[in-house]
Amino acid sequence: MSVLITGGAGYIGSHTCVELVKAGYDVVVVDNFYNSKKEVLKRVENIVGKPIKFYEADVRDRDALVKIFKENSIDSVIHFAGLKAVGESSRIPLEYYDNNIVSTLVLCDVMREFNVKKIVFSSSATVYGVAKEMPLVETMPLGAINPYGRTKLFIEEMLRDLFVSDSDWSIALLRYFNPIGAHESGTIGEDPKGIPNNLMPYISQVAVGRLPKLSVYGGDYNTVDGTGVRDYIHVVDLADGHVKAVKWVLGNKGCEAINLGTGNGVSVLQLKDAFQKAAQIEIPFEIAPRRPGDPDEVYANANKAKKVLGWEAKLDIDKMCEDTWRWQSGNPNGYND
Ligand code: NAD
Ligand code: WQD
């Protein structure tokens, strides 16, 4: 069975390539390397011990996609490709709508042409907007609060409409919580461009001396220790969730939104402490003002993933920190080393 992976050189895509090949799937990657490097795929090849077929192309390029579908017998698609920085999406919303929405439209149109109607889509917990209660359940109301989130929400709606129009489709809308960690080999991991927006890469870059100290955004939230609480999930668990989702789309018809989280909330200071323990390095920090738009707590109800996909997260916060540290300490400058 052959899976086309858009954005397969990215952080989550590269880990998913590894788990899919391990599970016996053939993978074909398409990526324009806007936010990743070709080196990533070489490292994936080293981990799995065989070549990875890849195309350097933009998913919005219809002709390029048609060529890929003609040259390969694709059975299903995982669509990771997209722009993902929340703050940037408010500064350049048109680029976000163009990249995220147009890529999905073109991709689904070409899939329909080749009668490949099985897709796993990278959605996000951000589609719940400002939720009134926790944990987040898939049936709760949706509503995005920034352009990035709106692209995810619109794409979910588009894909639901597609299924209503043609029930031959099989669509998994995977709502990720906060992916962190790296492959156990320490050879692939998260390598954000510029100063990281997200907490874990920020902590790990402080640990290797690329950044002086961590700013903890807000110490007066209504949480266990006053700092923001999130549902961090190991990227390898997340990748395994995609393997299970591919199996589901191949064997079923339907359109299902499914949370991929652990169900556990961890605060900023708890994550920092776990990282310090794993790395045996003190992380200097200060309590800074809140970041606008950040909620107190976000965590998943992960029951549906277990019921529908037979998947649940296995790796704990200590393992997430150990693996992040192995990656970051072995590659202090990411893939530029
Ligand atoms: P990433 O930026 O590391 O990976 C995305 C990949 O897509 C990159 O390799 C990039 O070069 C490629 N790409 C972007 N636009 C493209 C286009 N038009 N054509 C071809 N390739 C293109 O991001 P990630 O963290 O691996 O996230 C993957 C997906 O998961 C994204 O859709 C993101 O919105 C979603 N998501 C991520 C998180 C997170 O915290 N990392 C959380 C929820 C959802
Ligand atoms: C986590 C916690 C911050 C940085 C984002 C997107 C979401 C999803 C995942 C894509 C919060 C605090 C952070 C720092 C800090 N992405 N923090 N200092 O905001 O939960 O989710 O990534 O879909 O849509 O919004 O993740 O890692 O940015 O923040 O104190 O330097 O860490 O306030 O409490 P977030 P994050």
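Check the entry above for the structure.
How each quantity is defined
- Residues numbered from 1 in each chain as written.
- Chains lettered and ligands numbered in written order.
- Predicted model: local features only at pLDDT ≥ 70, side-chain atom pairs only at ≥ 80, totals over all residues.
- Heavy atoms only, no water.
- Helix = DSSP H or I, 4+ residues; strand = E, 2+ residues; numbered from the N terminus.
- Rg over C-alpha atoms; globule rule 2.2 N^0.38 Å.
- Buried < 20%, exposed > 50% of the residue type's maximum accessible area, 1.4 Å probe, protein only.
- Contact = heavy atoms within 4.5 Å.
- Lys, Arg positive; Asp, Glu negative; His and termini not counted.
- Charge placed at Lys NZ, Arg CZ, Asp CG, Glu CD.
- Pairing = 2+ DSSP bridges.
- Right-handed = clockwise from strand over helix to strand, strands pointing away.
- Phe/Tyr/Trp six-rings, centres within 6.5 Å; stacked < 30°, edge-to-face > 60°.
- Lys NZ or Arg CZ within 6 Å of the ring centre and 35° of its normal.
- Polar contact = N/O pair within 3.5 Å; in protein donor to acceptor, adjacent residues only side chain to side chain.
- Near = heavy atom within 4 Å.
- Areas by Shrake-Rupley, 256 points an atom, 1.4 Å probe, with all protein chains shown as cover.
- Nonpolar A, V, L, I, M, F, W, Y, C, P; charged D, E, K, R; others polar.
- Core = buried A, V, L, I, M, F, W, Y, C linked by side-chain atoms within 4.5 Å.

Trainee: Just checking my understanding: could you explain the overall build of the protein for this structure?
Mentor: The number of helices and strands found in the protein is 11 helices and 13 strands. Relative to the globule expectation of 20 Å for 337 residues, the C-alpha radius of gyration of the protein, 19 Å, shows essentially globular dimensions. Seen through its principal axes, the protein has C-alpha atoms that stretch 55 × 45 × 40 Å. The burial tally for the protein puts 55% of its 337 residues in the buried class. Put simply, of all contacts in the protein between residues at least 6 apart along the chain, 80% involve residues at least 24 apart. Between the averaged position of the 38 positive side-chain charges in the protein and that of its 44 negative side-chain charges there is a distance of 2 Å.

Trainee: When you look at the pairing of strand E3 (residues 53–56) in this model, what are you seeing that I'm missing?
Mentor: Along any regular strand, the residues point their side chains to alternate faces of the sheet. Where strand E2 (residues 26–31) meets E3, four bridges bridge the pair, whose relative direction is parallel. Within E3, the position partnered with Val30 by the bridge is Tyr55. Handedness of the crossover joining E2 and E3 through helix H2 (residues 38–48): right-handed.

Trainee: How do you make sense of the packing of aromatic side chains when you look at a structure like this?
Mentor: Geometrically, a pair of aromatic rings is defined through the distance of the ring centres and the angle of the planes. Counted under the stated rule, the structure contains five aromatic pairs. Plain terms: the ring middles of Phe33 and Phe54 are 5.8 Å apart, the flat faces sit at 85 degrees to each other, and that makes the pair edge-to-face. One end of the pair, Phe33, is in the loop between E2 and H2; the other, Phe54, is in strand E3, with 21 residues separating them in the sequence. Look at Phe54 and you get partly exposed, because its relative accessible area is 36%. A cation over an aromatic ring shows up here: Lys193 above the ring of Tyr34, its NZ or CZ 4.6 Å from the ring centre. Sitting above the plane of the Tyr221 ring, Arg290 keeps its charged end 3.9 Å from the centroid.

Trainee: What is the right way to look at the side chain of Lys319 in this model?
Mentor: Within the secondary structure, Lys319 sits in helix H11 (residues 317–330). A distance of 2.8 Å separates polar atoms of two side chains, one belonging to Lys319 and the other to Glu184. Once residues within four sequence positions are removed from consideration, Lys319 is found in contact with Glu184 and His234.

Trainee: Whenever I open this one, the environment of Lys247 confuses me. Can you help?
Mentor: Inspection of the secondary structure assignment puts Lys247 in helix H8 (residues 235–251). Of the residues examined, Lys247 reaches a relative accessible area of 59% and is grouped as exposed. Each C-alpha atom, one on Lys247 and one on Leu309, is 8.3 Å from the other, the two residues being 62 residues apart in sequence.

Trainee: Can you help me understand the site of ligand 1 in this one?
Mentor: Among the 27 residues in the neighbourhood of ligand 1, the closest are listed as Asp31, Asn35, Ser36, Asn99 and Tyr148. The backbone of Tyr11 places a nitrogen or oxygen atom 2.8 Å from an oxygen atom of ligand 1. Considering ligand 1 on its own, with 830 Å² of exposed area, one finds that the protein chains cover 95% of that surface. The leading source of residues in the shell around ligand 1 is strand E5 (residues 118–124), at three residues. When the residues that make up the shell around ligand 1 are grouped by side-chain class, the tally is 12 nonpolar, 10 polar and five charged.

Trainee: Sorry, what's going on with the environment of Val44 here?
Mentor: Looking at the element boundaries, Val44 is found in helix H2. Between the C-alpha atoms of Val44 and Lys253, which are 209 residues apart in sequence, the distance is 31 Å.

Trainee: Explain the nonpolar core here, please?
Mentor: Burial of nonpolar side chains together is a common tendency in soluble globular proteins. Grouped together as the largest cluster of nonpolar side chains are 41 residues, with contacts concentrated most on Ile5, Leu20, Val120, Leu174, Leu260 and Leu309. Of all the elements in the fold, those that place two or more residues in this core are strand E1 (2–6), helix H1 (11–22), E2, H2, strand E6 (170–176), H8, strand E11 (254–260) and helix H10 (303–309). Among the elements that take part in this core, H8 stands out by supplying eight residues, more than any other. In this structure, Leu260 is in contact with Leu174, Arg175, Tyr176, Phe177, Ile233, Leu238, Gly241, His242, Ala305, Leu309 and Trp311, ignoring residues within four places of it in sequence.

Trainee: Explain helix H3 (residues 62–71) to me, please; I cannot follow it from the model alone.
Mentor: Because an α-helix packs 3.6 residues into every turn, residues spaced three or four apart end up facing the same way. Among the residues of H3, Ala64, Leu65, Val66, Ile68 and Phe69 are the ones counted as buried. Of the surrounding secondary structure, the elements contacted by the buried residues of H3 are E1, E2, E3, strand E4 (76–79) and helix H5 (93–113). Two or three places before Asp63, at the start of H3, stands the capping residue Asp61, its side-chain oxygen 3.2 Å from that residue's backbone nitrogen.

Trainee: Mind showing me how you'd approach unusual backbone geometry here?
Mentor: Glycine aside, negative phi is the norm for most residues, and most peptide bonds take the trans geometry. For the bond from Met134 to Pro135, the omega torsion is -5 degrees, close enough to zero to count as cis. Along the chain, Pro135 falls in the loop between E5 and helix H6 (147–165). Look at Phe33: it is not a glycine, yet its phi comes out positive at around 60 degrees.

Trainee: Sorry if this is basic, but what is going on with the site of ligand 2 here?
Mentor: Close to ligand 2 lie 19 residues, the nearest being Ser124, Tyr148, Ser215, Arg230 and Asp294. Tyr148 is positioned with one of its side-chain polar atoms (N or O) 2.6 Å from an oxygen atom of ligand 2. Tyr217 is positioned such that a nitrogen or oxygen atom in its backbone is 2.8 Å from an oxygen atom of ligand 2. Expressed as a share of its isolated accessible area of 690 Å², the protein-covered part of ligand 2 is 87%. Every element with two or more residues in the shell around ligand 2 is listed here: helix H7 (199–207) and strand E8 (214–217).

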